[in-house]
Each structure stands twice: as C-alpha cells, then as structure tokens.
Amino acid sequence: MAKDKVIVITGASSGIGEATAKLLASDGNKMVLAARREEKLQQLVSDINANGGTAIYVLADVSKLEDVKNIAQVAVDEFGRIDVWMNNAGLMPLSEFSHGKVSEWDRTIDVNLKGTLYGFDAALPQMRAQESGQFVNIASISAHVSGVASGPYAASKFGVWAASEALRQEEVKSDSNIRVTVVSPGAIDTELPQHVTDPEQSDAMKGFYGSTAIPADEVARSVQFAINTPENTSINEIVLRPTKQFM
Ligand SMILES: NC(=O)c1ccc[n+]([C@@H]2O[C@H](COP(=O)([O-])OP(=O)(O)OC[C@H]3O[C@@H](n4cnc5c(N)ncnc54)[C@H](OP(=O)(O)O)[C@@H]3O)[C@@H](O)[C@H]2O)c1
C-alpha cells in the first residue's frame, strides 16, 4: 500500500475528488486538495487531519494556468515533491448543439480539457526532476462514446484521453519513469448532474442517475489500485460502470 506519497487532487471539494482524498489520506498519503469552494475544502481537510491524516487545501480555478501552477508550488513548498497529480475537476452541462449554450461549451473545454493540460504543465517539471510521478486523469465513458447532447462534454473527455496517451508516450520516450493513468467512469452518484441547465437533459439525468449511479468510493478504489502498482507497471486506463449501465 502506498504510504507517504504526496498526492494532488483537483476538484476535491465534492464527489469523486472528495471520496478519493479521504481514501488515499486514510492510507497515510499526504494530500494537497484543490477546488474553488473554500468551506467545503476546509471541512474536508479538517476531517482528514482529525482522523490522523495529513491534508492541506489550495483554492484554485483550474481554467486559470496561474492557479494550477500555484497548486504545484504549494505542494512542493509544503511537502517537497509531487508523486501523484489527479486531474479531476470537471463539469458536465449537457445540451444539444441547437440550443446554443456556447458559454457552457467554452467552460467545459476550459475546465475539463485545458484544466487537465494545465495540470501537466504545472506538475511535469517537478516529476521530471524527481524522475518519478504519476498523472491520474479522470475522463469518462464519454471519452469513448459520444451522442445526442453530450457533444462538448464528450469532446473534452476524448481530448483528455488523447492528451493522456500523448503524455504517456512522451514520458516513455524521455525515460522519465512518469506514469499516466486514465480513469473513465460511468454514472457515479455525485453533484455532477445537478449543474445541467437544459431542462430536458436535467430531467433525463435525474432519472438515469437516480436509477443507475454507483458511489464515488468505487472510483476512489480504482485510483488507489492504479497508484499502488509497482513502479515498473503502469495501469494506463480503467473503465468502470454501474453494472446496470448500458452505454
Ligand atoms: N459523476 C459521474 O457520473 C462522472 C462520470 C464520469 C466522469 N466524471 C468526472 O469526474 C470528475 C469529478 O466529477 P464528480 O462526478 O465528482 O462531480 P462533482 O461532485 O460536481 O465534482 C466536481 C469537482 O470539480 C470542481 N470544479 C469544477 N469546476 C472547477 C474549476 N473551474 N476549478 C477547480 N475545480 C473545479 C468542483 O469544485 P468547486 O465547485 O469547489 O470548484 C468539484 O470539486 C469530473 O471530471 C467529471 O467529468 C464524473
């Protein structure tokens, strides 16, 4: 079991990020937890530390490069290294293109895709200097399947998948020992569907998630598995769905 790894998680204030933070902290790792909602992060960090774990938080909007670079700086200043960087912050505002929600498309690409690329930029110099490290990039089933109303979201997640594979190959080429893992979940019971503004999609998602979604702890366990394999073994992708989910 990995102990004492320094682990950064973006989007740690709820859902998959929060569940993973709690699980990996309980294993003895040092957690650097980032998001925008300070009260949520304060509560999470205080719960982890009260249970004997080690966690700090950093306020960050991952669509801003300077914020993401600051997360890395705080991690190194506080703990001296970055062993795992989990690009998890994301949103899923589903709607059909004809509804013209262009500002939501912009935000989806800025947070889900560019936020992940900014994570690469922020953490790579430290990981290259250490000659070790691991990126865990949370994509989605929507990195593999596109469809009605999921266009911008799927585009962002296909993009995360594609960028992750390019990064994996670059790190092999440079012999850096840095590992890249994509985790692609199906329906997980989090706040994610609550932010769908399109009424038709919002109703559909409430029904679908209500009947199908599985707990965020299942994703957390996948991440735990991927970071605990020996250094010579790289788990490159985990796809997990509720057993009841068709696509
Ligand atoms: N739930 C699912 O069914 C599912 C399925 C596949 C993939 N995923 C992916 O899993 C990841 C986590 O989502 P979740 O399901 O756990 O949903 P969630 O509960 O809504 O969590 C999203 C997290 O992202 C953070 N976030 C959003 N915008 C941000 C920004 N600009 N800068 C920094 N943090 C930001 C939120 O924190 P703040 O609001 O405090 O900033 C929150 O902590 C996302 O990438 C999502 O696409 C989820």
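Residues numbered from 1 in each chain as written. Predicted model: local features only at pLDDT ≥ 70, side-chain atom pairs only at ≥ 80, totals over all residues. Heavy atoms only, no water.

Enquirer: Before we go on, may I ask you to explain the overall build of the protein chain in this structure?
Expert: Counting its secondary structure elements, the protein chain contains 7 helices and 9 strands. A compact globule built from 247 residues should have a C-alpha radius of gyration of about 18 Å, and the protein chain, at 17 Å, falls within 12% of that. The dimensions of the protein chain, computed from C-alpha atoms along their principal axes, are 50 × 45 × 35 Å. Within the protein chain, buried positions represent 53% of all 247 residues. At a minimum sequence separation of 6, the contacts of the protein chain that also span at least 24 residues come to 71%. Summing over all exposed atoms, the protein chain offers an accessible surface of approximately 11200 Å²; the carbon and sulfur share of this is 50%. (Helix = DSSP H or I, 4+ residues; strand = E, 2+ residues; numbered from the N terminus. Rg over C-alpha atoms; globule rule 2.2 N^0.38 Å. Buried < 20%, exposed > 50% of the residue type's maximum accessible area, 1.4 Å probe, protein only. Contact = heavy atoms within 4.5 Å. Areas by Shrake-Rupley, 256 points an atom, 1.4 Å probe, with all protein chains shown as cover.)

Enquirer: When you look at the site of the ligand in this model, what are you seeing that I'm missing?
Expert: The ligand sits among 30 residues. The nearest are Ser13, Arg36, Tyr153, Thr190 and Tyr209. With respect to the ligand, the side chain of Arg37 contributes an N or O atom lying 2.9 Å from an oxygen atom. Note that an oxygen atom of the ligand is positioned 3.3 Å from one of the backbone N or O atoms of Gly186. Its free accessible area being 870 Å², the ligand has 97% of it covered by the protein chains. For the shell around the ligand, the secondary structure elements donating two or more residues are α1 (15–26), α4 (102–130) and α5 (151–173). By residue class, the composition of the shell around the ligand is 15 nonpolar, 9 polar and 6 charged. (Near = heavy atom within 4 Å. Polar contact = N/O pair within 3.5 Å; in protein donor to acceptor, adjacent residues only side chain to side chain. Nonpolar A, V, L, I, M, F, W, Y, C, P; charged D, E, K, R; others polar.)

Enquirer: How should I be thinking about the packing of aromatic side chains in this particular structure?
Expert: Ring pairs (aromatic) are described by centroid distance and by the angle formed between their planes. Under the criterion given, the structure shown has 3 aromatic pairs. Residues Phe97 and Trp105 carry aromatic rings whose centres are separated by 5.3 Å and whose planes lie at 80 degrees to one another, so their mutual orientation is edge-to-face. Here Trp105 falls in the partly exposed class, since its relative accessible area comes to 22%. On the numbers, 5.6 Å between centres and 90 degrees between planes, the contact of Phe208 with Tyr209 is edge-to-face. Phe208 sits in the partly exposed class, given a relative accessible area of 29%. Overall, Tyr209 belongs to the buried group, its relative accessible area being 14%. (Phe/Tyr/Trp six-rings, centres within 6.5 Å; stacked < 30°, edge-to-face > 60°.)

Enquirer: Which parts of the structure should I look at to understand α4?
Expert: Every α-helical turn comprises 3.6 residues, leaving residues that sit three or four positions apart pointing alike. An ideal rise of 1.5 Å per residue puts 42 Å on 29 residues; α4 measures up with 41 Å between its terminal C-alpha atoms. At Ala123, α4 shows its strongest bend, of approximately 40 degrees, with the proline Pro125 following within four residues. Glu131 sits one or two residues past α4 and shows a positive phi near 60 degrees. (Expected span 1.5 Å × (residues − 1). Bend = angle between axes of the 7 residues up to and from the residue.)

Enquirer: Could you clarify how one ought to interpret α5 in this entry?
Expert: A rise of 1.5 Å per residue sets the reference length of α5, with its 23 residues, at 33 Å; its end C-alpha atoms lie 33 Å apart and thus fit the reference within 8%. If you check which residues of α5 are buried, you get Gly151, Pro152, Tyr153, Ala154, Ser156, Lys157, Gly159, Val160, Ala163, Ser164, Leu167 and Glu171. Buried residues along α5 sit in contact with α4, β5 (133–138) and β6 (178–185). Directly beyond the C-terminal end of α5, a positive phi value near 55 degrees is found at Asp175.

Enquirer: What exactly am I supposed to notice about the environment of Gly11 here?
Expert: Within the element layout of this structure, Gly11 appears in the loop between β1 (6–10) and α1. It is 5.5 Å that separates the C-alpha atoms of Gly11 and Asn88, two residues lying 77 residues apart in sequence.

Enquirer: Honestly, the pattern of salt bridges in this entry has me stumped. Any pointers?
Expert: For the structure shown, the criterion picks out 11 salt bridges. Residue Glu165 pairs with Arg168 through a salt bridge whose shortest N-O separation is 2.9 Å. Highlighted residues: Glu165 and Arg168, both in helix α5, separated by 3 residues, approximately one helical turn. The partly exposed category is assigned to Glu165, whose relative accessible area is 24%. Between Arg221 and Glu218 there is a salt bridge, with the nearest N and O atoms lying 2.9 Å from each other. Pair noted here: Arg221 and Glu218 are both in helix α7 (residues 216–227), with a separation of 3 residues, about one helical turn. Exposure remark for Glu218: the relative accessible area of 30% places this residue in the partly exposed category. Residues participating in the shared-partner salt-bridge network are Arg37, Lys40 and Glu191. (Salt bridge = Lys/Arg side-chain N within 4 Å of Asp/Glu carboxyl O.)

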